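# Examining the three-dimensional arrangement
If you want the building blocks of each chain, they are given just below.
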Amino acid sequence: MQSVSAAPVASDALPLLTQVYADYTAADQHVWQLLFDRQMALLPGRAAEAFLEGVRRVGFTRDAIPDFREVNPRLQELTGWELVVVPGIVDDAVFFQLLADRKFPATTWLRTLEQLDYLEEPDMFHDVFGHVPLLTDAGFADFLQKLGAAAVHHGQRWPGTLEQFTRLYWFTAEFGLIQQPDGLRIYGAGLLSSHGEVKFSLSEAPTRLPFTLDGVLDTPFEKDKFQDLYFVLTDMQQLPESLAQLQARLLE
Ligand SMILES: C[C@H](O)[C@H](O)[C@H]1CNc2nc(N)[nH]c(=O)c2N1
Ligand SMILES: N[C@@H](Cc1ccccc1)C(=O)O
Ligand SMILES: [Fe+2]
């Protein structure tokens, strides 16, 4: 089992870590297999086509926890992105700087059998299974890089603006839904890695609103429970458009 650290890591203290693949136990591999099987049985018809296509493109299987030494060359070739290992949540400024550099922070520890349905903080299943497939999509990968660069640019000058980028990230990359021609689908990684919240987000229980930049910027969020509100895109193009709109406003 790999180690866990709960406190946020600051920019000058980002440790150089690697995924020590040999440290994964048979129990870890079993948890991956269970998680992978459960999600892949649930997600067709519920996840966005771009995500399902990404799972195929990156080559994740039930057979083994992804080895970052294999994932990274593949991602690099497809969209220029790579995973970098972090111990846990990194602070927002560091997080956005990594995105700006086309580096996605990933933990290497895995949830236990008792936490299969939902976890309050990201683990490797979330970071890797949830995020990497869409990072193989050129349009989405580009959006995240630009979001990171814009957050760094504005956040350095006006730290108060960082929260706006955090909300845009949260309600899209983490908890976004999209109305495809054939139905309501999930593209947010925080949903895709959670069996419980996949079902909840598409059920009658939560509020779903059409995605607008103003709606997102006006909505605070909580990190450690199911969201009570989700924003629904009609087209992935709304992502770069909303980012451009936010940047234009901040320059006014
Ligand atoms: C930007 C936003 O606050 C978001 O929750 C960030 C914060 N720090 C993180 N740190 C890690 N390791 N992984 C993440 O997904 C995030 N998300
Ligand atoms: N709830 C997610 C993990 C997560 C927590 C907080 C933010 C984003 C993701 C899961 O179970 O996979
Ligand atoms: Fe995430």
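Looking up the protein chain in an unreviewed UniProt entry gives the name Phenylalanine-4-hydroxylase, with the organism given as Hymenobacter yonginensis. Taken verbatim from the UniProt record of the protein chain, the Catalytic activity (unreviewed entry) comment is "(6R)-L-erythro-5,6,7,8-tetrahydrobiopterin + L-phenylalanine + O2 = (4aS,6R)-4a-hydroxy-L-erythro-5,6,7,8-tetrahydrobiopterin + L-tyrosine". Of the protein chain, the UniProt comment under Cofactor (unreviewed entry) reads exactly: "Fe(2+)".

On to the overall build of the protein chain, then. Broken down by element type, the protein chain carries 12 helices and six strands. Whereas a compact globule of 252 residues would reach a radius of gyration of roughly 18 Å, the protein chain reaches 17 Å, a difference of no more than 12%. Put simply, the protein chain has 252 residues, and 53% of those count as buried. The long-range share in the protein chain, meaning contacts at least 24 apart out of those at least 6 apart in sequence, stands at 67%. Carbon and sulfur atoms form 54% of the exposed surface of the protein chain, whose accessible area is close to 11,200 Å². Between the averaged position of the 19 positive side-chain charges in the protein chain and that of its 35 negative side-chain charges there is a distance of 4 Å.

As a further point, take the site of ligand 1. By nearness alone, every residue bordering ligand 1 is listed as V86, G88, I89, V90, D92, F95, F96, T166, Y169, W170, E174 and K223. G88 places a main-chain nitrogen or oxygen 2.9 Å from a nitrogen atom of ligand 1. Between a nitrogen atom of ligand 1 and a main-chain N or O atom of V90, the distance comes to 2.8 Å. For ligand 1, the accessible surface in isolation is 390 Å², of which the surrounding protein chains cover 98%. Of the residues that constitute the shell around ligand 1, the class distribution is seven nonpolar, two polar and three charged.

Moving on, we come to the side chain of S201. Looking at where S201 falls in the secondary structure, it is placed in helix α10 (residues 195–202). A polar contact is formed between the side chain of S201 and the backbone oxygen of V198, at a distance of 3.1 Å. Among all residues touching S201, those that are not within four sequence positions of it are L177, I186, L191, P206, R208 and Y230.

Another point: unusual backbone geometry. Although it is not a glycine, R102 adopts a positive phi angle of roughly 55°. Relative to the helices and strands, R102 resides in the loop between α4 (92–100) and β2 (103–106). Since its relative accessible area comes to 22%, R102 is described here as partly exposed.

It is worth spelling out the side chain of R185 at this point. For R185, the location among the structural elements is in strand β4 (residues 183–186). Filtering out sequence-adjacent residues up to four positions away, R185 remains in contact with G45, R46, A47, A48, E49, L52, L177, I178 and Q180.

Let's shift gears to helix α3 (residues 68–79). Here α3 spans 16 Å end to end across 12 residues, near enough to the 16 Å set by a 1.5 Å rise per residue. Taken together, the buried positions of α3 are F68, V71, N72, L75 and T79. Across the axial projection of α3, the buried residues extend over an arc of 100°, all falling on one side. With respect to the buried face of α3, the exposed residues turned more than 90 degrees away are R69, E70 and E77. At the C-terminal side of α3, G80 shows a positive phi close to 80°.

Here is what the cut-offs are and how they apply
Residues numbered from 1 in each chain as written. Chains lettered and ligands numbered in written order. Predicted model: local features only at pLDDT ≥ 70, side-chain atom pairs only at ≥ 80, totals over all residues. Heavy atoms only, no water. UniProt positions renumbered as here; feature names shortened; annotations may be inferred. Helix = DSSP H or I, 4+ residues; strand = E, 2+ residues; numbered from the N terminus. Rg over C-alpha atoms; globule rule 2.2 N^0.38 Å. Buried < 20%, exposed > 50% of the residue type's maximum accessible area, 1.4 Å probe, protein only. Contact = heavy atoms within 4.5 Å. Areas by Shrake-Rupley, 256 points an atom, 1.4 Å probe, with all protein chains shown as cover. Lys, Arg positive; Asp, Glu negative; His and termini not counted. Charge placed at Lys NZ, Arg CZ, Asp CG, Glu CD. Near = heavy atom within 4 Å. Polar contact = N/O pair within 3.5 Å; in protein donor to acceptor, adjacent residues only side chain to side chain. Nonpolar A, V, L, I, M, F, W, Y, C, P; charged D, E, K, R; others polar. Expected span 1.5 Å × (residues − 1). Arc of directions from axis to C-beta.

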